[in-house]
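Overview (structure and organization)
Residue-level listing of the chains:
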Amino acid sequence: MKITSKYKVCKRLGGGVFEKCQTQKFTLAEARFRKAKGKVRAVSDYGKQLLEKQRIRFTYGIAERQFGNYVQAVTGADDPSRALFETLEMRLDSIVYRLGLAQTRRAARQLVSHGHLLVNGRRVTVPSHHMHVGDVIAVREGSKQSPLFARFSGGEADAVTALTWVQFDQAALSGKIIGLPPYAPTESGHAFPLVFEYYSR
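Note that this is a predicted model, so its numbers are computed, not measured. (Residues numbered from 1 in each chain as written. Predicted model: local features only at pLDDT ≥ 70, side-chain atom pairs only at ≥ 80, totals over all residues. Heavy atoms only, no water.)

1. Focus on the overall build of the chain
- Counting its secondary structure elements, the chain contains nine helices and five strands.
- Moving toward the C terminus, one meets the helices and strands of the chain in the order α-α-α-α-α-α-α-β-β-β-α-β-β-α.
- The long-range fraction of contacts in the chain, counting pairs at least 24 apart against all pairs at least 6 apart in sequence, stands at 57%.
- For the chain, the computed accessible surface area is about 11700 Å², with 51% contributed by carbon and sulfur atoms. (Helix = DSSP H or I, 4+ residues; strand = E, 2+ residues; numbered from the N terminus. Contact = heavy atoms within 4.5 Å. Areas by Shrake-Rupley, 256 points an atom, 1.4 Å probe, with all protein chains shown as cover.)

And the structure:
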C-alpha cells in the first residue's frame, strides 16, 4: 500500500495511525492548527464510520480491497468486531511487530517480504500470512548477523514482553504465539463496530 504523505494522513485520521506522528512536535503542531482553524464542523455518522475504517486500515497498512475481504469474511461471526481484531493481529507482520523484532509495522512487513523470517521452520515472505496459536517465528540463521537485528546483541532490544499471548526469546531471536490477542473494545484504540456499519450500507 503506497502512502504519499504520512503527515497528511495523520492530520486527517489522527496521530495514532503512524509511529512517526506519535511525537510531541506533531501533537503541538496539530493543536496549533486546530486552534487557528477555530470551530470544527460536526461529522456525520457516515463520516465517522469512514474515518474509523480508514484509521484501522492505515494502522495495519492494508489495501482497501484486502481490508474489505477481511470484513466480509468475519461478518457472520458471533462477535464480528473481535473476529476482525484477531484477524488483523494474527497477521505475520503484526506478530513480528508485537514481538519487537521490528520497531514499526512497515519495518515488520519489509522483514517478512525480504525473507528474513521463518514460520515453523519454513521461510515465509507474505506479510498477510495468517498465524495460529502454537506457531513459532524465528529469524533465519543467515539473517541474524544483519544490522537489522544488531540491537538485540547488546541487550538493548525493546521487545514487547508485557503481552500475555506471545513469548519472545531474545537470545534465539524467536517467538511463539501462546494464545489469541485479548480484545477489549475500550482499550483496542479503534471502534470496530463502526467499520461494519460502514460496510453494511
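There's more to say after this.
2. Here's the deal with the packing of aromatic side chains
- Across all of its chains, the model carries seven aromatic pairs by this definition.
- When the centroid spacing of 6.3 Å and the interplanar angle of 50 degrees are considered together, the rings of phenylalanine 67 and tyrosine 199 count as tilted. Residue phenylalanine 67 is located in helix α4 (residues 64-74), and its partner tyrosine 199 is located in helix α9 (residues 192-199); the two are separated by 132 residues in the primary sequence.
- In this structure phenylalanine 67 comes out as buried when scored by relative accessible area, which is 0%.
- Relative accessible area serves as the criterion here: at 29%, tyrosine 199 is assigned to the partly exposed category.
- Within the aromatic cluster, the residues linked to one another by ring pairs are Tyr46, Phe67, Tyr198 and Tyr199. (Phe/Tyr/Trp six-rings, centres within 6.5 Å; stacked < 30°, edge-to-face > 60°. Buried < 20%, exposed > 50% of the residue type's maximum accessible area, 1.4 Å probe, protein only.)

3. Thoughts on the environment of isoleucine 178
- Locating isoleucine 178 in the fold gives a position in the loop between β5 (174-177) and α9.
- Judged by relative accessible area, isoleucine 178 falls into the partly exposed class, the value being 39%.
- Residues in contact with isoleucine 178, not counting those within four places in the same chain, are Val133, Thr164, Trp165, Val166 and Gln167.

4. A few points about the sheet that holds strand β1 (residues 117-119)
- Strands sit in the order β2-β1-β3-β5-β4 across an open sheet of five strands; the sheet is antiparallel. Looking at the sheet topology across the chains shown, the edges are occupied by β2 (122-123) and β4 (166-169).
- Examined bridge by bridge, β1 and β2 share two bridges and lie antiparallel to one another. Within β2, the residue paired with valine 119 across the bridge is arginine 122. (Pairing = 2+ DSSP bridges.)

5. A word on the pairing of β4
- In β4, alternate side chains face the same way, and those of Val166 and Phe168 are buried while those of Gln167 and Asp169 on the opposite face are not.
- Pairing analysis gives four bridges linking β4 to β5, with the strands arranged antiparallel. Residue pairing for β5: glutamine 167 is matched across the bridge by lysine 176.
- Linking two consecutive strands that pair antiparallel, namely β4 and β5, is a turn of four residues; a positive phi of about 55 degrees is found at leucine 173 within it.

6. Comments concerning the pattern of salt bridges
- If you walk through the whole model with that rule in mind, you get eight salt bridges.
- Ionic pairing is found between arginine 82 and aspartate 79, a salt bridge with its closest N-O pair at 3.6 Å.
- Put simply, glutamate 141 and lysine 144 hold a salt bridge, and the shortest N to O gap is 3.3 Å. (Salt bridge = Lys/Arg side-chain N within 4 Å of Asp/Glu carboxyl O.)

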